[in-house]
Amino acid sequence: MDVYLPIANLSVNGFFIVALGFVTGVLSGLFGVGGGFLTTPLLIFYGISPTVAAASAATQVTGASVSGVLAHGKRNGVDYRMGMVMVGGGVIGAMFGALLFRFLQAVGQIDVVINVLYVVMLGTIGGLMMREAIEALWPREGGSKQPRKRRHHPMVASLPMRWRFYRSGLYISPLAPLILGVLVGILTMLMGVGGGFILVPAMLYLLGMSGNVVVGTSLFQILFVTMVTTMTHALTTKAVDIVLAGLLLLGSVMGAQFGTQIALKARPEFLRLILAVIVILVALRMLYGLGIEPDEVYTVDLL
């Protein structure tokens, strides 16, 4: 089933796009990541412009997040107060990211920047996650097998004006999740990702949140920030391909429910190791793409 994408100006296999949405939806339910970190690179590999891929993937992430939040909310796995603070920061970050996106687009560097950001961010996060998962699964001889109690970073503890986040079991300054939300909002705008692959580790190791609410709270923040990002892209960059986004949404909504059920039964350490391997493989493929000559050296952007 071939489908024509008007904004991307490309004919694609519709079943492949739906299947890609399903896979990223499963990742959303499993790990609390929007799935955009995988969707955008795979769309680029398929021949879709990085600009269109990033903007359209943000729409797909919204659908996957809605499904995931509903599933985690039923088991009280969402800290709504923490989520709203991060949503506020994410909206601010998305607005700033929109200005940066337009500037890079105007100077003709947006495609390169998107690719480089993926290589750096995915390589770094994937390496850290893999090390942590390996240490948890196969602790060093003589080391303690009991997991250490999570505590927030000393820099977070030094911030003023503390609030209680009861669902997360924290008493910290709202400035920490607010700043984290701003950074994720910028990345969401530039890269078409929900930011969960950065947000989840940061919530665990910087904020010290309870593990049973991290995934749901991450999806809650991603849901609203990607909604704002999609609207901003549609109004400013005009790079959202509604046909592409619709096909991705169709698969991701189904996949998110499936992934959530797996997450409730699987061992978290194994899930983190699998995610780390996927992230590193995608980063290596993006790095390879930066080092080879493209099929088209020059592109024309009609705005």
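None of the values given here were measured: they were computed from a predicted structure.

**Considering the packing of helix H4 (residues 80-106) against helix H9 (residues 211-237)**
Between H4 and H9, whose axes approach to 8 Å, the crossing angle comes to 30°. Relative to H9, the element H4 is oriented roughly parallel. Judged by the sense of rotation from one axis to the other, the crossing of H4 with H9 is right-handed. Looking at the contact of H4 with H9 residue by residue, the class counts come to 14 nonpolar, 10 polar and one charged.

**A short note on helix H5 (residues 110-137)**
Between the first and last C-alpha of H5 there are 40 Å, a value that for 28 residues agrees with the 40 Å anticipated at 1.5 Å per step. Within H5 the residues assigned to the buried category are Ile-110, Ile-114, Asn-115, Tyr-118, Val-119, Leu-122, Ile-125, Gly-126, Met-129, Ala-133 and Leu-137.

**Some remarks on the packing of aromatic side chains**
Here the structure, examined in full by the defined rule, presents three aromatic pairs. With a centroid separation of 5.3 Å and 90° between ring planes, the pair formed by Tyr-80 and Phe-220 is classed as edge-to-face. With Tyr-80 in helix H4 and Phe-220 in helix H9, the pair connects residues that are 140 residues apart, well separated along the chain. Ring geometry for Phe-220 and Phe-224: centres 5.1 Å apart, planes at 65°, overall edge-to-face. In this pair, Phe-220 and Phe-224 are both assigned in helix H9, four residues apart and thus about one turn of the helix distant. In this structure Phe-220 comes out as buried when scored by relative accessible area, which is 7%. According to the relative accessible area criterion, Phe-224 is partly exposed, its value standing at 31%. Grouped by ring-pair contacts, the aromatic residues Tyr-80, Phe-220 and Phe-224 constitute a single cluster.

**Some words on the environment of Thr-230**
Its place among the elements puts Thr-230 in helix H9. You can call Thr-230 buried: its relative accessible area is 15%.

**So, the nonpolar core**
Within the largest apolar cluster, 37 residues are counted, with the highest numbers of intra-cluster contacts made by Ile-17, Leu-43, Ile-48 and Leu-244. When residues of this core are assigned to their parent elements, the largest contribution, seven residues, is made by H5. If we skip the residues at most four places from it in the chain, Ile-17 touches Val-12, Leu-43, Leu-244, Leu-247 and Leu-248. Ranked by size, the runner-up nonpolar core spans 19 residues in total, among them Val-85, Leu-180, Val-184 and Leu-207.

**Considering the environment of Pro-6**
Within the secondary structure, Pro-6 sits in the loop between strand S1 (2-5) and strand S2 (10-13). By relative accessible area, which is 44% here, Pro-6 ends up partly exposed. Spatially, the C-alpha atom of Pro-6 lies 6.8 Å from that of Asp-241, the residues being 235 residues apart in sequence. When sequence neighbours within four positions are dropped, the list of residues in contact with Pro-6 reads Asp-241 and Val-243.

**Quick word on unusual backbone geometry**
Although it is not a glycine, Met-161 sits at a positive phi angle of roughly 60°. Its place among the elements puts Met-161 in the loop between helix H6 (154-157) and strand S3 (163-165). Residue Met-161 is classed as exposed on the basis of its relative accessible area of 52%.

**Comments concerning the environment of Leu-249**
Relative to the helices and strands, Leu-249 resides in helix H10 (residues 242-265). By relative accessible area, which is 26% here, Leu-249 ends up partly exposed.

**Examining a nonpolar patch on the surface**
Among the surface-exposed residues, Val-112, Val-116, Val-120, Val-277, Leu-281, Leu-284, Leu-287 and Leu-290 lie close enough to one another that they form a single nonpolar patch of about 660 Å² accessible area. Of all elements in the fold, only H5 and helix H11 (268-291) reach the threshold of two or more residues within the nonpolar patch. Structurally, Leu-284 is set in helix H11.

**Regarding the packing of H4 against helix H7 (residues 175-191)**
Two elements in contact, H4 and H7, have axes whose closest approach is 5 Å; the angle formed by their N-to-C orientations is 40°. Compared by their axis directions, H4 and H7 come out oblique. Considering how the two elements wind past one another, H4 and H7 form a crossing that is right-handed.

**Overview of the side chain of Ser-168**
Mapped onto the elements, Ser-168 comes out in the loop between S3 and strand S4 (170-172). According to the relative accessible area criterion, Ser-168 is buried, its value standing at 2%. Looking at Ser-168, its side chain comes within polar contact range of the side chain of Asp-79, at 2.4 Å. Ignoring any residue separated from it by four or fewer positions in sequence, one finds Ser-168 in contact with Asp-79, Met-82, Met-209, Ser-210 and Val-213.

**Examining the confidence of the model for the protein chain**
Low-confidence regions, as indicated by low pLDDT, have predicted coordinates that should not be scrutinised in detail. Residue-level pLDDT values for the protein chain average 76, and 82% of them are 70 or greater. For residues 297-303, every residue scores under 50 in pLDDT, and the model assigns this stretch four contacts once sequence neighbours within four places are set aside.

Procedures and definitions
Residues numbered from 1 in each chain as written. Predicted model: local features only at pLDDT ≥ 70, side-chain atom pairs only at ≥ 80, totals over all residues. Heavy atoms only, no water. Axes fitted to C-alpha atoms, helices over the stretch in contact; angles between N-to-C directions. Helix = DSSP H or I, 4+ residues; strand = E, 2+ residues; numbered from the N terminus. Parallel < 35°, antiparallel > 145°, perpendicular 65-115°, else oblique. Left-handed = near helix turned anticlockwise from the far one by under 90°. Nonpolar A, V, L, I, M, F, W, Y, C, P; charged D, E, K, R; others polar. Expected span 1.5 Å × (residues − 1). Buried < 20%, exposed > 50% of the residue type's maximum accessible area, 1.4 Å probe, protein only. Phe/Tyr/Trp six-rings, centres within 6.5 Å; stacked < 30°, edge-to-face > 60°. Core = buried A, V, L, I, M, F, W, Y, C linked by side-chain atoms within 4.5 Å. Contact = heavy atoms within 4.5 Å. Patch = residues over 30% accessible without salt bridge, like charges linked within 9 Å, V, L, I, M, F, W, Y side chains within 5 Å. Areas by Shrake-Rupley, 256 points an atom, 1.4 Å probe, with all protein chains shown as cover. Salt bridge = Lys/Arg side-chain N within 4 Å of Asp/Glu carboxyl O. Polar contact = N/O pair within 3.5 Å; in protein donor to acceptor, adjacent residues only side chain to side chain. pLDDT = per-residue confidence, 0-100.

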